[in-house]
Amino acid sequence: APPPKCAPSNNLNSAFKHFPTASELYDHLREITQPGGEYVVRNFVAVIEDISPTASLVENELFPKGALEYYTKKNMGWDYTQEEYDAWQMQERGGAQGDYRDGMQAKIANVIDCLKTESLSKRAVIPIPFNSEGSETVDWKDQGQNKCCRELHFYLEDGKLKCTGIVRMQNANIFVKNIHFFATLIDHVAKELGVEVGEYTHWITNLCHDRSATSC
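An account of the accompanying structure is given in this report. (Residues numbered from 1 in each chain as written. Predicted model: local features only at pLDDT ≥ 70, side-chain atom pairs only at ≥ 80, totals over all residues. Heavy atoms only, no water.)

## Notes on the nonpolar core
To be explicit about the condition: Think of a nonpolar core as a cluster: buried Ala, Val, Leu, Ile, Met, Phe, Trp, Tyr and Cys residues, connected wherever their side-chain atoms sit within 4.5 Å. Buried means the residue's accessible area, taken with a 1.4 Å probe over protein chains only, is under 20% of the maximum for its type, while exposed means over 50%, and partly exposed covers the values in between. Helix and strand assignments follow DSSP, with helices taken as H or I runs no shorter than four residues and strands as E runs no shorter than two, numbered in order from the N terminus. Whether two residues are in contact is decided by their heavy atoms, any of which lying within 4.5 Å being enough.
Ile 126, Phe 154, Leu 161, Phe 175, Leu 185 and Val 189 are the most contacted members of the largest nonpolar core, which totals 53 residues. At the level of elements, helix H1 (22–32), strand E2 (41–48), helix H2 (65–76), helix H4 (104–117), strand E4 (149–157), strand E5 (160–171), helix H5 (175–193) and strand E6 (196–208) are the ones that each hand at least two residues to this core. When neighbours within four sequence positions are excluded, Leu 161 is seen to be in contact with Leu 115, Phe 154, Tyr 155, Leu 156, Ile 186, Val 189, Ala 190, Leu 193, Val 195, Glu 196, Val 197 and Gly 198.

Written out as structure tokens, the structure reads:
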């Protein structure tokens, strides 16, 4: 198939710190949030060069491989077993704030349709919160509304599918769950479009070491 038509562009993410894979970025996030507790790093941006699912499977003490694969299945809207739920579902692994499953298959289908129909589009977006109600009902006390990831923006550039994630709150130790899901989602969309995957840009407003910080 011919490569998709892409808009001429100047991607300013070249100015941000680049990491070969999610593993190196994870180590960096842990390092810069080392004080822990209420310590917060704000407006952090980084680029991951290889966002393939294989390169983005990074295990830690909270997320062994089985937990990562379970949460990715759940957030993709794919089937999972009761045994998997019993083995891996834990409040410490994100709770309602990190549950992106509701409506996800329809959102993914919309992105695929958008970029198949109009490769120059800037509307290929997966919004995460407010799946069943409008944002005028926003309530800071509702964990289910206050999703950690807000949006994923997809675009075709240099003949490849690229993505930018907008994250309200990132706990460094939960990054590995998020990035495995994002990588799987990006890979899925790219295969449906028949294109290669480019780099991924990760924007974080609030970055903490773990969930011990207040109102994550």
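## Focus on the packing of aromatic side chains
Where we set the bar: Between 30 and 60 degrees the pair is tilted, below 30 it is stacked and above 60 it is edge-to-face, where a pair is any two Phe, Tyr or Trp rings, Trp via its six-membered ring, whose centres lie within 6.5 Å. Whether a charge sits over a ring comes down to the Lys NZ or Arg CZ being within 6 Å of the ring centre and within 35 degrees of the ring normal.
Counted by the stated rule, this structure contains 7 aromatic pairs. Considering the side-chain rings of Phe 16 and Trp 203, the 5.5 Å spacing of their centres and the 80° angle between planes classify their relative orientation as edge-to-face. With Phe 16 in the segment before strand E1 (17–19) and Trp 203 in strand E6, the pair connects residues that are 187 residues apart, well separated along the chain. According to the relative accessible area criterion, Phe 16 is partly exposed, its value standing at 29%. The interplanar angle of 50° and the centroid separation of 5.7 Å between the aromatic rings of Phe 181 and Phe 182 together place this pair among those described as tilted. In terms of burial, Phe 181 and Phe 182 fall into one category: buried. The ring of Tyr 71 has Lys 177 sitting right over it, with the charged end atom 4.8 Å from the ring centre.

## Here we look at the pairing of E2
Filter applied, for reference: Any two strands are treated as partners once DSSP identifies two or more bridges connecting them.
Across the 8 residues of E2, 6 count as buried, placing the element largely inside the fold. Strand direction decides the pairing type here: E1 and E2, joined by 3 bridges, are parallel. If you follow Lys 17 over to E2, its bridge partner there is Ala 46. Bridge analysis of E2 against E6 gives 7 bridges, and the strand direction is antiparallel. Residue pairing for E6: Arg 42 is matched across the bridge by Asn 206.

## Some words on the sheet that holds E5
Note the following rule: To get an axis, fit a line to the C-alpha atoms, keeping to the stretch in contact for a helix; angles then go from 0 to 180 degrees between the N-to-C directions.
Reading across the sheet, the 6 strands line up as E1-E2-E6-E5-E4-E3 and stay open at both edges, with mixed pairing between neighbours. In the strand order of this sheet, the two ends are held by E1 and strand E3 (125–127), each with one partner. The sheet shows a mean angle of 20° between the axes of neighbouring strands, direction not considered. Each of E1, E2 and E6 is contacted by H1, which is oriented at about 165° to E2, the strand it contacts most.

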